[in-house]
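# Coordinate inspection notes
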Amino acid sequence: MMNKGFQISIQGSDKIVTCREDESLLSGLARYGQKEVPAGCRQGGCGVCKIRVLKGEFETGKMSIKHVSAMEKDMNFTLACKTFPKSDMVITVNIKGDRKWQ
Amino acid sequence: MAISGVLRPGFVQIRVLDMAESIIHYRDRIGLEMVGTEADGRVYLKAYDEFDRHSIILRECDEAGLDVMAFKVSNETYLDEYEEKLRGQGFEVTAIAAGEQPGVGRRISFMAPTGHRFDLYVDMELSDNGPMTNNPDVSQLDPRGMKALRFDHCLLYGGDIDGTKKVFEDILGFSTSEVVVDDDTGMIIALFLTCSNKAHDLALVRHEEDGKLHHVSFLVEDWTSLRDAADIMTRYDISRDIGPTRHGITRGQTIYFFDPSGNRNEVFSGGYAYYPDNPLRVWQASSVGKAIFYYERELNDRFMTVVT
Ligand code: FES
Ligand SMILES: [Fe+2]
C-alpha cells in the first residue's frame, strides 16, 4: 500500500510540502526546492539540517550525538536528513545551522 | 634516497555511526579490502594498490569525525628526532606501544595546534593482498566499486592553522605547495602541505572549531574512473556533495561525497608533481571559487560549513 505522504509545514512560512513516509524530511523539502533547511551531508553527521519538531509524530535514524544531545532529542530537536514523518508535522528551522538554540 | 623522513599518509581512523552500513560503503562502494575486525570492534581495511596491511580504520561511535591521521616515517632515527623536537617545542608526545593496532610497530602521537591528533610510525606489516612484485600484473585482486587505489590525503579544519603548518614544516620536514590568503591582510585561510612528490599530503582550512574533518581522500586512476565512481554514487544513492570537477589547487580531479555517517570522502585523480624547490603558489581569497572548484568557479554552501 502506497502512503500518500504527510503534510509538513514550516512555522513562519506559508509553504506546505508533502513528504513521503519512506523519505527524510530533508529530501521531501528538497523535492520542492525548499531551501529553508540547508542540506549538508544528508547522513546525520554534520548537523547543518537541525530543526525542532513542534507538532507531529516521527522516527529518526542514527544521528551524531554532537549535534543532537539526548536532552535535545527529548525536546524534539532532530536532524531533518534523519527524520522520517509518521504524521503531518509542524517544524521550526535553525537556519544558522548547528548553532545552539536559545 | 630522495624521500626520507615522513614518507606518506599511512592510515586514518574514522568514527562511524553504524558499522554495518559503513562496511558496505567503504568495502563495496569505494572498493577497499577488508583486513579484519578486532576484539574492540574496530574494522581495518586497505586499498588494493597499497603494500601495507591497512590504511583505513573504522570505529563505531555515536559521533562522526576523525580520531587520528597517521604518517609513515622512513626509519627509527627520524622517529626519535621528531619526538625530541616535538617535546622541545612543548608538545606532549604520547608513546603508543607496538600492537595497539595489529601489525603496526610503536607509534608516537601528538595533538596539533588545530586540535587534530597525528601519529607517526615506522613499521607496518606488509599485506598478502598488496600489489604484485614478481612480473606484476596491474592488480592482484580484481578492483571493485570505485576502484580506490590508495588512501591519499586529508583536508582538516581547525583554528590555528599557522601553528599546525609550523609543526609540519619545521619539525616534520613538509613543504607548503599552495596557500589561499586574505586579499587585504594576507592571512592564510587554507594551506596545502606535502612531504613527497604529491601536490598535497595534508590540507588545512581555518575554521572556528578545532579538530574537524573535511574529507578523507582516495586516489583513483584517472578522469574516467571518476565518471565510473559517479555512476556508482547514483546507482547506490550515495550522498554526493559536488563533482566530477577539478580543483584549481593541485589541479586534481575530484568528486566529494559522504559516507553513511556524514564524513566527507573524496575520489581524486591527477594533480601535478611537486618538488621542494617549487615556488609557493598563492591564491587570493577573491579567487577562492576557482581555487577549490575550477569549473564552477564558486564554492558551494557546503564547502566551508559541512564538516564532522
Ligand atoms: S545534512 Fe548533515 S546532519 Fe543532516
Ligand atoms: Fe582532497
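What you see is a predicted model, and the numbers here were worked out from it, not measured in a lab. Counting restarts for each chain, with residues numbered from 1 along the sequence as it is written. Ligands are numbered from 1 and chains lettered from A, in the order in which they are written. Predicted model: local features are reported for residues with pLDDT of at least 70 only, side-chain atom pairs are reported and counted for 80 or more only, and whole-chain, interface and lining totals are derived from all residues. Hydrogens and waters are ignored; side-chain quantities use all the structure's heavy atoms.

### A short note on the sheet that holds strand 15 (residues 252-258) of chain B
Each strand in a sheet pairs with another by means of backbone hydrogen bonds, the pair being arranged parallel or else antiparallel. Residue and element names in this part refer to chain B. In space, the 9 strands of this open sheet follow the order 14-15-16-13-9-12-11-10-17, with mixed pairing throughout. Each of the sheet's edge strands pairs with one partner strand only, and the pair in question is strand 14 (240-246) and strand 17 (281-284). This sheet shows a mean twist of 15° between the axes of neighbouring strands, independent of strand direction. Note: two strands are recorded as paired if DSSP finds a minimum of 2 bridges between them. For the purposes of this entry, the term helix denotes a DSSP run of H or I that reaches at least four residues, the term strand denotes a run of E that reaches at least two, and both are numbered from the N terminus. Here strand 15 runs beside strand 16 (residues 264-270); their pairing, made up of 7 bridges, is antiparallel. Fitting a line to C-alpha atoms yields each axis, with helices limited to the stretch in contact; the angle taken between N-to-C directions then spans 0 to 180 degrees.

### Concerning the domain arrangement of chain B
Residue and element names in this part refer to chain B. For chain B, the assigned domains are domain 1 (6-121) and domain 2 (152-305). Accessible-area loss on putting two parts together, using a 1.4 Å probe and summing over both, is the definition of buried area adopted here. At the boundary of domain 1 with domain 2, total buried surface from both sides reaches about 2,800 Å², with 72% on carbon and sulfur atoms. Just to be clear on terms, a salt bridge is a Lys or Arg side-chain nitrogen sitting within 4 Å of an Asp or Glu carboxyl oxygen. Put simply, domain 1 and domain 2 have 0 salt bridges between them. Here a polar contact is recorded for every N or O atom pair within 3.5 Å, except that within protein the pair must consist of a potential hydrogen donor and a potential acceptor, and residues adjacent in sequence are included only if both atoms are side-chain atoms. Seen at the junction of domain 1 and domain 2, the total is 10 residue pairs in polar contact (both at pLDDT 80 or more). Taken together, the elements giving at least two residues each to the side of domain 1 that touches domain 2 come down to strand 1 (6-16), helix 1 (19-29), strand 5 (65-73), helix 2 (76-88) and strand 8 (117-121). In terms of residues, the side of domain 1 that touches domain 2 owes the most to one element, strand 1, which gives 8 residues. A breakdown of the residues in the side of domain 1 that touches domain 2 according to their chemical character gives 23 nonpolar, 7 polar and 6 charged. What counts as a domain boundary in this text is fixed by an automatic or database domain assignment. For this classification, Asp, Glu, Lys and Arg are treated as charged, while Ala, Val, Leu, Ile, Met, Phe, Trp, Tyr, Cys and Pro are nonpolar and the rest, including Gly, are polar.

### Re helix 1 of chain B
Residue and element names in this part refer to chain B. Taken residue by residue, helix 1 has Met19, Ser22, Ile23, His25, Tyr26 and Arg29 as its buried positions. Among the residues of helix 1, the N-terminal cap falls to aspartate 18, whose side-chain oxygen and the backbone nitrogen of alanine 20 are separated by 3.1 Å. One or two steps after helix 1, the chain reaches glycine 31, where phi turns positive at roughly 100°. The classification of residues rests on relative accessible area computed with a 1.4 Å probe and restricted to protein chains. Under 20% of the type maximum is buried, over 50% is exposed, and intermediate values are partly exposed.

### Points about the layout of surface pockets
Residue and element names in this part refer to chain B. In this structure, the second largest pocket encloses a volume near 420 Å³. In terms of lining residues, the second largest pocket is bounded by 20 residues, among which Leu7, Arg8, Pro9, Arg150 and Phe151 are the most central. Secondary-structure elements contributing two or more residues to the lining of the second largest pocket are strand 1 and strand 9 (150-158). A per-element tally of the lining of the second largest pocket places strand 1 first, with 4 residues. Residue composition of the lining of the second largest pocket, grouped by class: 9 nonpolar, 5 polar and 6 charged. Built from parts of two domains, the lining of the second largest pocket gets at least three residues from each of domain 1 (6-121) and domain 2 (152-305). Each cavity reported here is a set of points on a 1 Å grid over the protein atoms alone in which a 1.4 Å probe fits but cannot get out, each pocket an open set with protein on both sides within 12 Å along at least five of seven lines, and each lining residue one with an atom within 4 Å of a point. Grid points are joined across faces, edges and corners, and a volume is the space filled by probe spheres set on the points.

### Description of the coordination of the iron ion (ligand 2)
Residues and elements named next belong to chain B. Coordination here is defined by N, O and S atoms within 2.8 Å of the metal (3.2 Å for Na, K and Ca), and since water is not considered, a site can look incomplete. Protein coordination of the iron ion (ligand 2) is provided by His153 (NE2), His215 (NE2) and Glu266 (OE), with donor distances spanning 2.1 Å. Here the donor residues for the iron ion (ligand 2) map to a single chain with the spacing H-x61-H-x50-E. Of the two residues, histidine 153 is situated in strand 9 and histidine 215 in strand 13 (residues 212-219); the sequence distance between them amounts to 62 residues.

### Quick look at the packing of aromatic side chains
Residues and elements named next belong to chain B. For Phe, Tyr and Trp, where Trp contributes only its six-membered ring, two rings pair if their centres lie within 6.5 Å, and the inter-plane angle classes them as stacked under 30 degrees, edge-to-face over 60, or tilted in between. Inspection of every chain in the model, using the stated rule, returns 15 aromatic pairs over all chains. Ring centres 5.4 Å apart and planes at 85° place the aromatic pair phenylalanine 71 and phenylalanine 174 in the edge-to-face group. Remark: phenylalanine 174 occurs in the loop between helix 3 (161-171) and strand 10 (175-181) and phenylalanine 71 occurs in strand 5; sequence separation between them is 103 residues. Across this residue pair, the class does not change: phenylalanine 71 and phenylalanine 174 are buried. Ring centres of phenylalanine 118 and phenylalanine 168 lie 4.9 Å apart, and the angle between their planes is 80°; on these two criteria the pair is classed as edge-to-face. With phenylalanine 118 in strand 8 and phenylalanine 168 in helix 3, this residue pair connects regions lying 50 residues apart in the sequence. A residue is classified by how much of its surface remains accessible, and phenylalanine 118, at 0% relative accessible area, is buried. We classify phenylalanine 168 as buried; its relative accessible area is 0%. Through a chain of ring-to-ring contacts, three or more aromatic side chains come together here, namely Phe71, Phe91, Phe110, Phe118, Phe168 and Phe174.

### Considerations on the pairing of strand 15 of chain B
Residues and elements named next belong to chain B. Among the 7 residues that make up strand 15, 7 are buried, leaving the element largely enclosed by the rest of the structure. By the alternation rule, side chains of strand 15 split into Gly252, Thr254, Tyr256 and Phe258 and Gln253, Ile255 and Phe257, which are all buried. Summarising the sheet, strand 14 and strand 15 pair through 4 bridges and their orientation is antiparallel. Across the sheet, residue isoleucine 242 finds its bridge partner in strand 15, namely tyrosine 256. Linking strand 14 to strand 15, which pair antiparallel, is a turn of 5 residues; within it threonine 250 sits at a positive phi near 70°. Taken together, strand 15 and the strand that follows it, strand 16, pair antiparallel across an intervening segment of 5 residues, in which glycine 262 is found at a positive phi of about 90°.

### Here we look at unusual backbone geometry
Following B:Gly243, the chain continues into B:Pro244 via a peptide bond in cis, with omega recorded as 5°. Of note, B:Pro244 is situated in strand 14. Its identity is not glycine, yet A:Arg42 carries a phi of approximately 60°, on the positive side. Following the sequence through the fold, A:Arg42 ends up in the loop between helix 1 (25-31) and strand 3 (50-55). When its relative accessible area of 32% is taken as the criterion, A:Arg42 is described as partly exposed. Positive phi outside glycine occurs at B:Thr250, with the angle close to 70°.

### What about the side chain of A:Glu23?
Structurally, A:Glu23 is set in the loop between strand 2 (16-19) and helix 1. A polar contact of 3.0 Å, which involves the side chain of A:Glu23, links it to the backbone nitrogen of A:Arg20.

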